[in-house]
Amino acid sequence: MRAVVQRVKRASVTVYSDDDGTRDAHVVAEIGPGLAVLVGVTHEDGKAQIDKVARKIAQLKLLRSLDNSDDPASRISAIDAGAPVLLVSQFTLYADVRKGTKPSWSKAAPGHVAEPIFDQLVQAVRGYGLEVQTGSFGAMMDVELVNDGPFTILIEA
């Protein structure tokens, strides 16, 4: 499992009824200050990867302190801040671009495998008492965010 975690001032996901993004846009998720997390699932992922990534999302000290300081010594976790988390499934995180000019996604789990794993990750993060918003699995989405910092880290499990 691969997760790109971004500390954000705000983030949202808009879904369209047409794949080309021309009709019936509606916001399906929206958070204020917190974490926006793009999640890629591979074929070998299971409970150990879900538990590790959920724990890291909840417990890593990535957020500004309650007095808004960004001093690394005073940063707090999503649990400490009671911060919301936006989780968005993104199979393209497993793109392999080592050969040629077209990415291969052979390492990404297919939707029927990835969706239940992603859903279990959502439940695991919620299990830490955090508010979790999600995109729509498999849908064409616009993900908008304002990265606070910028502050972005990669979690591999």
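Residues numbered from 1 in each chain as written. Predicted model: local features only at pLDDT ≥ 70, side-chain atom pairs only at ≥ 80, totals over all residues. Heavy atoms only, no water.

**Here's the deal with the packing of aromatic side chains**
Per the counting criterion, the structure on display carries two aromatic pairs. Plain terms: the ring middles of Phe118 and Phe137 are 6.2 Å apart, the flat faces sit at 45° to each other, and that makes the pair tilted. Within this pair, whereas Phe118 is found in helix H3 (residues 111–126), its partner Phe137 is found in the loop between strand S5 (132–134) and strand S6 (141–156), the two being separated by 19 residues in sequence. With a relative accessible area of 28%, Phe137 lands in the partly exposed category. (Phe/Tyr/Trp six-rings, centres within 6.5 Å; stacked < 30°, edge-to-face > 60°. Helix = DSSP H or I, 4+ residues; strand = E, 2+ residues; numbered from the N terminus. Buried < 20%, exposed > 50% of the residue type's maximum accessible area, 1.4 Å probe, protein only.)

**What about unusual backbone geometry?**
Cis geometry is found at the peptide bond from Gly149 to Pro150, where omega equals 0°. Along the chain, Pro150 turns up in strand S6. You will see that Asn68, though not glycine, has its phi angle at about 75°, which is positive.

**With respect to the side chain of Asp96**
Position of Asp96 relative to the elements: it lies in the loop between strand S4 (85–89) and H3. Engagement of the side chain of Asp96 in a polar contact is seen with the side chain of Arg98, the distance being 2.7 Å. Ignoring any residue separated from it by four or fewer positions in sequence, one finds Asp96 in contact with Lys102, Pro103 and Ser104. (Polar contact = N/O pair within 3.5 Å; in protein donor to acceptor, adjacent residues only side chain to side chain. Contact = heavy atoms within 4.5 Å.)

**Description of H3**
With 16 residues, H3 extends 22 Å from end C-alpha to end C-alpha; this agrees with the ideal 22 Å at 1.5 Å per step. Listed in full, the buried residues belonging to H3 are Ala114, Ile117, Phe118, Leu121, Val122, Ala124 and Val125. One side of H3 carries all its buried residues, which in axial view fall inside an arc of 160°. (Expected span 1.5 Å × (residues − 1). Arc of directions from axis to C-beta.)

**Comments concerning the environment of Arg75**
In this structure, Arg75 sits in the loop between helix H1 (47–59) and helix H2 (78–81). Taking the C-alpha atoms as reference points, Arg75 and Leu63, 12 residues apart in sequence, are found 5.4 Å from one another. With near-sequence residues (within four places) excluded, Arg75 lies in contact with Arg7, Lys61, Leu62, Leu63, Ser65, Asp70 and Phe151. A polar contact is formed between the side chain of Arg75 and the side chain of Asp70, at a distance of 2.9 Å.

**Side note on the nonpolar core**
The biggest cluster of nonpolar side chains holds 31 residues, and the ones touching the most others in it are Leu35, Val37, Val85, Leu87, Leu121 and Val125. No other element matches H3, which puts seven residues into this core. Not counting residues up to four positions away in its chain, the partners in contact with Val37 are Ala3, Val4, Val5, Ile57, Val85, Leu86, Leu87 and Val88. One finds Val13, Ile31, Leu38 and Met141 within the second-largest nonpolar core, a separate group that totals 13 residues. (Core = buried A, V, L, I, M, F, W, Y, C linked by side-chain atoms within 4.5 Å.)

**A closer look at the side chain of Arg7**
For Arg7, the position within the fold is in strand S1 (residues 2–15). Within polar-contact distance, the side chain of Arg7 engages the backbone oxygen of Leu62 at 3.1 Å. Leaving out residues up to four positions away in the same chain, Arg7 has contacts with Gly34, Leu35, Leu62, Leu63, Arg64, Asp70, Arg75, Val146, Asn147, Asp148, Gly149 and Phe151.

**Remarks on H1**
In this model H1 runs 18 Å from its N-terminal to its C-terminal C-alpha over 13 residues, within 8% of the 18 Å that 1.5 Å per residue would give. Looking at H1, one finds that the buried residues are Ile50, Val53, Ala54, Ile57 and Ala58. Mapping the buried residues of H1 onto a view down its axis gives an arc of 130°, with all of them on the same face. Structurally, H1 contributes buried residues whose contacts are with S1, strand S3 (34–40), H2, S4, H3 and S6.

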